[in-house]
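Residue strings, one per chain:
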Amino acid sequence: MKKTPARILAVAIAILLALSLSACGDSFESAMTRAVSEMQDVESLHMDMVMGIDMSLSADGQTLEMPISMDMSMDTINEPLTARATMNMNVMQQPVSVEYYVERSGEGYMMYANMDGGGWEAAAVDETELGQFSAVEGVEFYLQCASAFEKVGEEEVRGATASRYDGEIPADMLSEALERSGAYDMFESLGVSGESTDGLTSGMGLSIYLDNETGLPVRYVMDMTDLMREMMDTTLSAVGAGDAMSWEVGEASVSVTLSDFNGIDAIEIPDYARGA
């Protein structure tokens with residue numbers, strides 16, 4: 001059972017927390033230190049994710065449009081770790097919808113998922129696989145990922161003013177970052193192997209938005225455009241098709257908005273899901 005969407009969302013929280021200690025410049029370091037402090041008191045939150053990849057494949061004078069879009073809405077409670085989510089994905093005009101729950105069961109965890117209304121499936125999940133759901137997991141790794149971040153302005157996020165800080169995850173950290181996020185699963189659906197990140201020179205742009213009043217991280221936006229272009233070109237070259245075919249990537253991005261901090265009291269798992 002795929003866990004990609006949840007892991008992609010959860011890695012956003014890990015990145016937001018992790019960047020604090022590796023910031024360049026007193027302003028960002030101070031802001032992120034406050035954000036980390038505020039996040040210690042967050043026991044639940046809501047996350048909305050929007051992903052879009054605009055690309056096409058050309059060969060023999062023909063062009064195949066291959067747009068990918070995904071939106072996901074997710075509630076999480078930290079202790080005990082519990083989550084519910086709905087996801088809608090469209091790959092080349094083929095829609096897919098998934099509803100799922102995660103809960104602790106004995107010494108481990110259970111995940112219940114229903115794809116396109118086809119019935120619920122249950123699967124035991126090891127705790128190590130669910131670490132990315134936690135806002136504090138993965139921090140040690142992501143501390144190594146941040147290069148210089150600087151404030152570029154202020155924008156409105158969900159009706160409140162937030163300061164925006166821009167930076168980049170460097171190329172030499174991408175492979176592990178993508179593996180931890182679960183993004184490799186998405187790339188594999190496009191025929192791109194994990195080895196495609198070897199030797200990449202493109203970094204991955206990251207924008208972080210901190211609420212001016214509460215200090216909490218309320219949005220992050222990841223720009224994967226240059227990364228996707230290089231990965232696709234590398235994949236074609238690896239199979240000897242670099243001269244006959246070409247990828248065009250117009251834009252590739254992921255945006256995650258966080259809200260309803262400590263506003264989720266409980267997540268009820270319905271019996272029909274547990275009965276899978």
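Predicted model, so just to flag it, every value in this text is computed and none were measured.

Glancing now at the pairing of strand E8 (residues 150-157). Within a regular beta strand, the side chains point alternately toward one face of the sheet and then the other, so they alternate between its two faces. Sheet topology places E8 next to strand E9 (residues 160-169); 7 bridges connect them, and they run antiparallel. By the bridge assignment for E9, Glu150 is matched with Asp166. Between E8 and E9, which pair antiparallel and follow one another directly, the connecting turn spans 2 residues, one of which, Arg158, has a positive phi of 55°.

Confidence in the prediction of the protein chain, expressed as mean pLDDT, is 76, and 69% of residues score 70 or more. The spread of mean pLDDT over the elements of the protein chain runs between helix H3 (residues 139-142), the lowest at 42, and E8, the highest at 93. Every residue in residues 8-12 scores below 50 in pLDDT, and together they form 17 contacts with partners more than four places removed in sequence or on other chains. Segment residues 19-26: pLDDT under 50, and 19 contacts once partners within four positions in sequence are set aside and those in other chains are kept.

Turning to the environment of Met245, a few remarks are in order. Its place among the elements puts Met245 in strand E12 (residues 245-259). In the structure, Met245 is positioned 183 residues away from Gln62 in sequence and 9.8 Å away in space, judged by C-alpha atoms. Non-local contacts of Met245, meaning those with residues more than four positions away in its chain, are made with Leu57, Ser58, Ala59 and Leu236.

Right, let's get into the nonpolar core. By size, the foremost hydrophobic cluster in this structure holds 50 residues, and its most contacted members are Met55, Tyr100, Met228 and Val254. Among the elements that make up this core, the one with the highest residue count is strand E1 (residues 44-59) (7 residues). In this structure, Tyr101, Met110, Ile267 and Ala273 belong to the second largest nonpolar core, which totals 9 residues.

On to the side chain of Ser207, then. One can find Ser207 in strand E10 (residues 204-211). For Ser207, a relative accessible area of 9% translates into the label buried. Polar side-chain contacts of Ser207 include one of 3.5 Å to the side chain of Arg164. Here Ser207 is in contact with Arg164, Tyr165, Asp166, Arg219, Tyr220 and Val221, once residues within four sequence places are set aside.

Conventions adopted
Residues numbered from 1 in each chain as written. Predicted model: local features only at pLDDT ≥ 70, side-chain atom pairs only at ≥ 80, totals over all residues. Heavy atoms only, no water. Pairing = 2+ DSSP bridges. Helix = DSSP H or I, 4+ residues; strand = E, 2+ residues; numbered from the N terminus. pLDDT = per-residue confidence, 0-100. Contact = heavy atoms within 4.5 Å. Core = buried A, V, L, I, M, F, W, Y, C linked by side-chain atoms within 4.5 Å. Buried < 20%, exposed > 50% of the residue type's maximum accessible area, 1.4 Å probe, protein only. Polar contact = N/O pair within 3.5 Å; in protein donor to acceptor, adjacent residues only side chain to side chain.

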